[in-house]
Each structure stands twice: as structure tokens, then as C-alpha cells.
Amino acid sequence: MIGLISATAAGAAARDRLAAAWPDRARVYDGPVGEAVRAAFAECEQVVCFLATGAVVRLIAPLLGDKAADPGVVCVDEGGRFAVSLVGGHGGGANELAVAVGDVLGAEPVVTTATDAVGVAGLDTLGLPVEGDVARVSRALLDGEPVRLDAEVPWPLPALPVADQGSYAVRVTDRAVRPADGEVLLRPPSLVVGVGASRGAPVEEVLELVERALREAGLSARSVAALATVDAKAAEPGLVGAAERLGVPLVTYAAEELAAVTVPNPSDAPLAAVGTPSVAEAAALAGGGELLVPKRKSERADGRPAMATCAVVRRPARGRLAVVGLGPGARDLLTPRAAAELRRAAVLVGLDQYVDQIRDLLRPGTRVLESGLGAEEERARAAVAEARAGHAVALIGSGDAGVYAMASPALAEASDDIDVVGVPGVTAALAAGAVLGAPLGHDHVSISLSDLHTPWEVIERRVRAAAESDLVVTFYNPRSRGRHWQLPKALDILAGHRRPTTPVGVVRNASRPDEAARLTTLGELDPATVDMMTVVTVGNTATREIAGRMVTPRGYRWQDGRTPQEAR
Ligand code: SAH
């Protein structure tokens, strides 16, 4: 929960905007400011104060405890111009909160923790448990001192500016080792512990078994991602309790699924009880991986039969492929989510001209694989291969990366051993539509006139269908140096079903510095004004030019008393 506190009318107005933007996350604390701050500090994970930093510093100073546990606090000034991350920048999430508050209120986020200031990922913000001297190694990263990355377990981390050698190290390991001097350990969630239990097995017995198995194998409990068992044991209190105590989910599988997993130590007892010859080993191995600890049983001091079994597997790292649309060009049309994904990536794959657009957003240390126009297959393959190697990859495209772009070739190459995240972008048709007015107010279609990968007959059939069904059409790739007859031909087909006065919008470089838009008609469009940086939007039979803008009516009766069909 995010606590919101204000003292003045202006503060209260800004506070209410935040509360309205985050109805499920934010809670307003009324009453005397001192009491409100103390209550919010005690009850919330994060606090936003619409108060001077000085006042907040004095109020929270006596409340500050441990930076790992204290809430993150953000202050917003009276004018609503700045959102200052005051305390808990990393652990308390105040830096991110300052950015989020800034987004809602139009305020500038003010972040002073050094790693964010220079764009290096804070080692404690990577989402993994950390051990060791975080402050010293972060400092070294910041100061540009050589820091090694020892990734014993591949894991899709964001970029870090690391070197091959150096006296500092970031070590990614699930082994039960202690951090050396100048070393930070990152604990990837790489271990899955399969567990089986007889009815009524005590939590302590399960927990002790799991902890001993990890300890004797030299593995860190902080790398355990989940306990896994058979569906029939989903509510077994000993397993549920052990998972809770370890702070991990209890994942379950159907008995048939487990029966199909090949295991070294099958037995008859579970087969009779739950219908699979192995629970612990099979559940641990169900998601793939390497068996580090074969099935073992709990030990009971009272000599009674063991009630729990466990087995430990190191699961394969799942790389992460983010397919990110950058929007049509303007930075403020690049979504915050796209920016976050670019900062989440360690490897960036894209066309060189798009990489240039966003280079400043990348974290230091991001590996960039850029290629020139054309090399689509190579880009798709490279992105997928990097993700399969366990890296965090962003594959970028202009507009929306799924529209006449890289998402489909990449996903056609990708197997199910990587995670894929898509971030939508503002595609050219929408960017151009906003420039022109409201041309897409009714049913519309996009058609690419590039016959590089699509035979002209197919394109022509689609244009014909659009013409006959009176769809508004946006042409992508309308014309290039070597390709000039297609656009006139396509317009000709549309002209067979629409009047020569039908409005046509031509938008070149939408949202880029040299943006140019022209409104013309089907009869008057000069194809020579169209090139590869352009989209051409042709209205339907109801589209009109109104006050210099292209408008396709939705057919509201209150506007003209007639339906679009009647209006024709
Ligand atoms: N993925 C992109 C489209 C790639 S196809 C998107 O979603 O927008 C390339 C074509 O898109 C270009 O030939 C042009 O027709 C169109 N295009 C892309 N960006 C444009 C922009 N900013 N202004 C006008 N047209 C654009």
C-alpha cells in the first residue's frame, strides 16, 4: 500500500490525483500531518508526502530503522514540479515510485542514489537475493573500476558494466558459499525441491529434510524457487507449511504427468497411493533440469518410518526475449514499459537506425547487436539464440514490433524454453491517424504494398476486398525507389468503389522532427509525394474533410440523423 499525506489545498489536489490514478494501491492519510506520517510509515510499504523535504526529514528521522525494511518515501513539492526520492531509494522502491509519481503528476523525478543517476542497475534492485558488500561493489561499478561477472548459473540479468578481470566480482551462484572480500553474491531462483509426504507429515520434518538435503549438497536455500509435488498433496499441511516457511510457492503436477517423467529411483509405494512411481524426483524434474540430490527420506529420532521425501534439481535458466515497439519516433510516444524493458535487457538486437534512437536509454554494459536493413532473418535468429543462452534480450522495432516487423519471424524461431514478453508500440497507422484527425473512426485495415515477401496477386486481392467492403485503408511500405507502380494500382482499385473526392491522408515521418502531413483526395493524390517514410490513409465512402481534418464518422444518429449507409 502507498500512503499519501498532504497539508495544503494544492497538496491535497495533487494527492487526490494520485489516489484516483492508483485506486487499489494508494491510501490517503488525513488528520494532523505528524500523526499521518507516523501512521503511514508504520503501515505502508511506500509513502508519498506532499510536503517540503525538510518537514518530512524532521518527521521521519525518529522513525528510521533498517533500510531493508523501512518504507520508501517520496516528497512532492507544493508546485507539483518535483517528485523527490527521499529515503529507501532501492530497497524501499522510492526511486521507482518517484518516477511513477512523476508520470502521473507531470513532475520531474529527482533521484540521487548514485547507481540510478548514472544508469547502472543497483545490485539490490535486480530482483534476486544479494549477499556481500553491495555498497562497495556498487561503488566500484559506478567508479568504473573493473568488476568481474562470475555467472556459475546463467540467469537473465539486466546489463552490468562488467569486465573479464578485476578485484571486485558479482557472482551468480546457487551454491552455499560465503561472499569473498569485494564480492557480491546474487542468488538466482535456480533450484526446485521436489517433495513427497505421507498424510499428516509434520512441517518440521519436511523442512528439516529439505534444509539438510540442501546443506549436504552445498546449495543455498536462498536459490530455491519452489517446492514441487503431486496434485493430490496440494493441501498437505506439512508441505504447505514448509513452502510458507521457505517463502516459496508449492507447485503441483498431475500424477499422470509425473508418471511420465523418467527418474532414477521409482518405487511402488507412491504408485499405489497417488498413481505415480515417483513424487519427489519426478516433481523436481518435471520442468526439466539436472538432478543434484536424488530422492532422500526424512530421518526421525523416534525411529518411526519416514514421512517425507525430497529431491533437488537445478532447473535450466530461462532466457527472456522482450519484443519491444519503440513507437513512431517521438520519445514521448515510446511507452514507459518499453523504456523499462530496454533497461531490463543485457542484449539489444535491432536495426542500427532504431538502436540510435534509444541508445541513451540503455544501461551501461548492454551488448548491442545491430545490423543494417534487410538482415531480418539474422536479427531474429540472433535474438532468439541470445535468449536461449539464458540472457535478457530486447528485440526492437519501430512502431509496434509485431506490425510488419520482427516479432513474427523471431517467435517463429523461438522454442518454449525461453520467456517472451511483448511491449506494444504506437504503430504508424495510429500515429498518422492522430496527425490527420480521426480517419480510423470506423472499420479499417492496414495493407503493406511491399511485394518483397508477398506476391502482388495476394496484395491485390486484399486491396480489392477492402475496396468492396468499404474499409478505410492505411498503406504501409507504399512506395520505394524500385517500387512505384503498386500504389497507383492499389488506389485505382479503391477508386472503383469510392468517389474521386474521397479524402486521402499522406503522412511522412509521423512524430519525427521532419513530420509532414497532407490531406488530398483519391482523384488528386500525386504518388510522387509518397515514399518509404510515408503511410497513406484512404477514407471510406463516409469519410469527410471537416475543418481541414480527415474524419470517418462512426455513424452516430445524433450527428446527422442518418446511418452511414443512409448517408451514402
Ligand atoms: N512496425 C512498424 C512498421 C514497419 S513497416 C510500425 O508499426 O509502424 C515500415 C513502414 O511503416 C514504412 O514504409 C512506412 O510506411 C511506415 N512507417 C513507419 N514509421 C512511420 C512514421 N513515423 N511515419 C510514417 N510512416 C511510417
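Worth saying up front: this structure is predicted, and the values here are computed from it rather than measured.

**A word on the overall build of the protein**
- For the protein, the count of helices and strands is 20 helices and 28 strands.
- Overall size of the protein, expressed as C-alpha extent along the three principal axes, is 95 × 65 × 55 Å.
- Taking all 568 residues of the protein together, the buried fraction comes to 47%.
- Sequence-distant contacts in the protein: of pairs separated by 6 or more residues, those separated by 24 or more amount to 64%.
- Entry remark: accessible area of the protein is about 26,500 Å², with carbon and sulfur atoms responsible for 52%.
- A gap of 2 Å separates the mean positions of the 58 positive and 70 negative side-chain charges of the protein.

**Some remarks on the sheet that holds strand β23 (residues 472-476)**
- Read across the sheet, five strands follow the order β22-β23-β26-β24-β25 without closing on themselves; strand pairing throughout is mixed. Pairing within the sheet leaves two strands with one partner each, and these edge strands are β22 (444-448) and β25 (516-521). Direction aside, the axes of adjacent strands within the sheet are offset by 20 degrees on average.
- Relative to strand β26 (residues 534-538), strand β24 (residues 503-508) runs antiparallel, the two sharing five bridges. Across the sheet, residue G505 finds its bridge partner in β26, namely T537.
- Contacting β22 and β23, helix α17 (residues 456-468) runs over the sheet at an angle of about 160 degrees to β22.
- Contacting β23 and β26, helix α18 (residues 486-495) runs over the sheet at an angle of about 175 degrees to β23.

**With respect to the site of the ligand**
- Taken together, 20 residues lie near the ligand, and V403, T427, A510, M532 and T534 sit nearest.
- A distance of 2.9 Å separates an oxygen atom of the ligand from a polar atom in the backbone of D400.
- Contacts to the ligand include M533, whose backbone N or O atom sits 3.3 Å from a nitrogen atom.
- The protein chains hide 92% of the 550 Å² of surface that the ligand would expose on its own.
- If you map the ligand onto the pockets, it falls in the largest pocket.
- In terms of domain composition, the shell around the ligand takes at least three residues from each of domain 4 (320-426) and domain 5 (429-567).

**Re the sheet that holds strand β27 (residues 544-546)**
- Strands sit in the order β21-β28-β27 across an open sheet of three strands; the sheet is mixed. If you trace the sheet from one side to the other, it starts and ends with β21 (437-438) and β27, each paired once.
- Relative to strand β28 (residues 549-551), β27 is paired through three bridges, and the arrangement is antiparallel. Opposite R544, over in β28, you have V551 as the bridge partner.

**Description of the UniProt feature "domain: Tetrapyrrole methylase" (unreviewed entry) in the protein**
- In the numbering adopted here, UniProt assigns the feature "domain: Tetrapyrrole methylase" (unreviewed entry) to residues 320-526.
- Split by type, residues 320-526 is 33% helix and 25% strand. Its first and last C-alpha atoms lie 46 Å apart.

**Comments concerning the nonpolar core**
- Counting residues in hydrophobic clusters, the biggest one holds 24 residues, and the most contacted among them are V193, V210, L214 and L227.
- For this core, the elements supplying multiple residues, two or more each, are β11 (191-197), α7 (203-216), β12 (224-230), α8 (237-246) and β15 (308-314).
- Looking at this core, the element that brings in the most residues is α7, giving six residues.
- Setting aside its immediate chain neighbours within four residues, V193 contacts V210, L214, V224, A226, L227, A228, A284, C310, A311 and V312.
- I447, A467, V504 and L522 belong to the second largest nonpolar core, which has 21 residues in total.

**Quick word on the packing of α17 against α18**
- Where α17 meets α18, the axes come as close as 8 Å, and the angle between the chain directions of the two elements is 30 degrees. On the basis of the axis angle, α17 is roughly parallel to α18. In the crossing of α17 with α18, the sense of the turn from one axis to the other is right-handed. Counted together, W456, E460, V463, R464 and A467 of α17 and Q486, K489, A490, I493 and L494 of α18 form the full contact between these two elements.
- Considering only residue class, the contact of α17 with α18 consists of six nonpolar, one polar and three charged.

**Notes on empty space enclosed by the protein**
- What the rule picks out here adds up to one cavity of 30 Å³ or more.
- By volume, the largest cavity is sized at about 60 Å³.
- In terms of lining residues, the largest cavity is bounded by E204, E205, E208, L209, R212, R296, K297, S298 and E299.
- Breaking the lining of the largest cavity down by element, the ones donating at least two residues are α7 and β14 (290-297).
- It is α7 that contributes the most residues to the lining of the largest cavity, five residues altogether.
- In the lining of the largest cavity, the residues fall into one nonpolar, one polar and seven charged.

Calculation notes
- Residues numbered from 1 in each chain as written.
- Predicted model: local features only at pLDDT ≥ 70, side-chain atom pairs only at ≥ 80, totals over all residues.
- Heavy atoms only, no water.
- Helix = DSSP H or I, 4+ residues; strand = E, 2+ residues; numbered from the N terminus.
- Buried < 20%, exposed > 50% of the residue type's maximum accessible area, 1.4 Å probe, protein only.
- Contact = heavy atoms within 4.5 Å.
- Areas by Shrake-Rupley, 256 points an atom, 1.4 Å probe, with all protein chains shown as cover.
- Lys, Arg positive; Asp, Glu negative; His and termini not counted.
- Charge placed at Lys NZ, Arg CZ, Asp CG, Glu CD.
- Pairing = 2+ DSSP bridges.
- Axes fitted to C-alpha atoms, helices over the stretch in contact; angles between N-to-C directions.
- Near = heavy atom within 4 Å.
- Polar contact = N/O pair within 3.5 Å; in protein donor to acceptor, adjacent residues only side chain to side chain.
- 1 Å grid on protein atoms, 1.4 Å probe; cavity = no way out; pocket = protein on both sides within 12 Å on 5 of 7 lines; lining within 4 Å.
- Sits in = over half its atoms within 2 Å of the grid points.
- Domains from an automatic or database assignment.
- UniProt positions renumbered as here; feature names shortened; annotations may be inferred.
- Core = buried A, V, L, I, M, F, W, Y, C linked by side-chain atoms within 4.5 Å.
- Parallel < 35°, antiparallel > 145°, perpendicular 65-115°, else oblique.
- Left-handed = near helix turned anticlockwise from the far one by under 90°.
- Nonpolar A, V, L, I, M, F, W, Y, C, P; charged D, E, K, R; others polar.
- Points joined across faces, edges and corners; volume = space filled by probe spheres on them.

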